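# Tertiary structure, described
The lines below spell out each chain.
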Amino acid sequence: MCCTCFPEDQWSNSQPATSPGIPTNKRKPGSAGVQRVNTVAASAMEVTEEERRQVEEQVEQLLSGKGSEVTGCDVGLEQSKPATLKKNVTYIVCAVIFNDKEEVLMVQEAKQDCYKQWYLPAGRMEVGESLEEALRREVKEEAGFDCEPITLLLIQEQGPRWIRFIFLAKVTGGTIKDLSAADQESLQASWWDRQSVLPLRGRDILRLIDCGLKYRQDPCHPVTLPVDMSCRLVVQRLVLVFTNAEEQIWILLVKAPGLHLPTVAAVKTHAVTWAANMVVQEAMPSAYYDHDVNTLGVFSLQHNGRQHGKTDGVCFNTLVVLAPDHVHRNEDGEKLECTVTGRPPAVENPRYVWYEVQKQTLREQLLEKTRSTSILPIHSLY
């Protein structure tokens, strides 16, 4: 369990990414790239009323915390393999559970390398489980309690090979585990008041406990639980937006087959959240180095896991904001003048197009999310 600490089908028909590779970091190439920032209006194309309706309905569905079938992968497919639990992906579930006194449920480790140290109930997901089933099993095995998840609090990731899902949960039955029931899963469980001295296996859990307390007092995002929908790869579906001072908002779309939100496969050499950088680099390479690509969080996530090697993937439906970098320098470090037009950078790859959101309620919802970031956070530990 100590790994829980910080540490042929529909896909084959998808279009491959056209970018020559994935950058290892984001460095400005020099003044030529800087001076081109945001100087051209967004590419235009005719959008039919039906296409407009379908795009807006899908975004509204994701905004409400629901899922949407993953039918293909637009970027990164050739650099990824189907997710297979215990082979190329590891999912960790972690439970933050409080009692009426706001004491947190802790378990004492039985493993030799962390023997008698304390940690939150946590462990690896097993083959054939859903995330919620894994959570219930781990809490039962390690703490003796039955539980139900309330919401995801946070997702942490070190690329597709290690993803941790932290849940806020509640006890629904069972009896706390004592030393008489000690086994290889844990020695015992106890409620911790967070004041008394307790030898912790890792201090990373203090932040998770704090997140749980804050959510109980003032929920910072809607209740978010996994949506039972299958996915073969670890992917991000991007609601990648550009906004301006006039409260206009654009969404980046892939043109074919049919206008749709970009879906990007995670690659083992990068954070899962690097997906948005891959798309921006491919769609508008000249503007890439002069804009910040900010993944704000997850609207919803989709996982099934019932067919080993076929549905072990996860789809993260994420909100990403593309914003101009307001400080530009040339290769000598000198500041450059930059005119911000209030329009998205020009799309240079014909696969992509900017679509300006027309529906007022959707525009207001997206703008509110970009300002308040009231959305499930996903943090890269790279």
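The sections below set out a description of the structure shown in this document. If you're wondering where the values come from, they're calculated on a predicted model, not measured in any experiment. (Residues numbered from 1 in each chain as written. Predicted model: local features only at pLDDT ≥ 70, side-chain atom pairs only at ≥ 80, totals over all residues. Heavy atoms only, no water.)

Broken down by element type, the protein chain carries seven helices and 14 strands. Sorting the 382 residues of the protein chain into buried and exposed places 54% on the buried side. Carbon and sulfur atoms make up 47% of the accessible area of the protein chain, which amounts to about 17,100 Å² in all. (Helix = DSSP H or I, 4+ residues; strand = E, 2+ residues; numbered from the N terminus. Buried < 20%, exposed > 50% of the residue type's maximum accessible area, 1.4 Å probe, protein only. Areas by Shrake-Rupley, 256 points an atom, 1.4 Å probe, with all protein chains shown as cover.)

If you walk through the whole model with that rule in mind, you get 18 salt bridges. Across the salt bridge formed by Arg-137 and Glu-138, the nearest N and O atoms sit 3.0 Å from each other. The burial state of Arg-137 is the same as that of Glu-138; both residues are buried. Across the pair Asp-146 and Lys-140 runs a salt bridge, and its minimum N-O distance is 3.2 Å. Residue class for Asp-146 comes out partly exposed when judged on its relative accessible area of 33%. Among the residues examined, Lys-140 registers a relative accessible area of 39% and is labelled partly exposed. Salt bridges sharing common partners tie together Glu-129, Arg-137, Glu-138 and Glu-141. (Salt bridge = Lys/Arg side-chain N within 4 Å of Asp/Glu carboxyl O.)

The next subject is the sheet that holds strand 6 (residues 163-174). The strand order across the open sheet formed by five strands is 4-1-6-5-14, and the pairing between neighbours is mixed. Lying at the two open borders of the sheet, with one neighbouring strand each, are strand 4 (122-124) and strand 14 (378-380). With direction set aside, neighbouring strand axes in the sheet form an average angle of 30°. Bridge count for strand 1 (residues 91-97) against strand 6 is seven bridges, and the pairing is parallel. Looking at strand 6, one finds that Ile-97 is bridged to Ala-169. Contacting strand 1, strand 5 (145-157), strand 6 and strand 14, helix 4 (residues 204-217) runs over the sheet at an angle of about 110° to strand 5. (Pairing = 2+ DSSP bridges. Axes fitted to C-alpha atoms, helices over the stretch in contact; angles between N-to-C directions. Contact = heavy atoms within 4.5 Å.)

What follows deals with the sheet that holds strand 7 (residues 188-192). Pairing in this open sheet of three strands is antiparallel, and the strands run 3-2-7 from one edge to the other. Strands with a single pairing partner mark the edges of an open sheet, and in this sheet they are strand 3 (118-119) and strand 7. As defined by bridge partners, strand 2 (residues 104-108) adjoins strand 7 across five bridges and the pair is classed as antiparallel. When the sheet's bridge partners are listed, Val-104 is paired in strand 7 with Trp-192.

Counted by the stated rule, this structure contains six aromatic pairs. Here the aromatic rings of Phe-165 and Phe-316 are separated by 6.4 Å at their centres, their planes lie at 15°, and the arrangement is stacked. Highlighted residues: Phe-165 in strand 6 and Phe-316 in strand 12 (residues 314-324), separated in sequence by 151 residues. Of the residues examined, Phe-316 reaches a relative accessible area of 0% and is grouped as buried. Taken together, a centroid distance of 5.0 Å and an interplanar angle of 80° make the contact between Tyr-288 and Tyr-289 edge-to-face. Overall, the relative accessible area of 23% leaves Tyr-289 in the partly exposed class. Feature note: the residues Tyr-91, Phe-165 and Phe-316 constitute an aromatic cluster, connected by ring pairs. (Phe/Tyr/Trp six-rings, centres within 6.5 Å; stacked < 30°, edge-to-face > 60°.)

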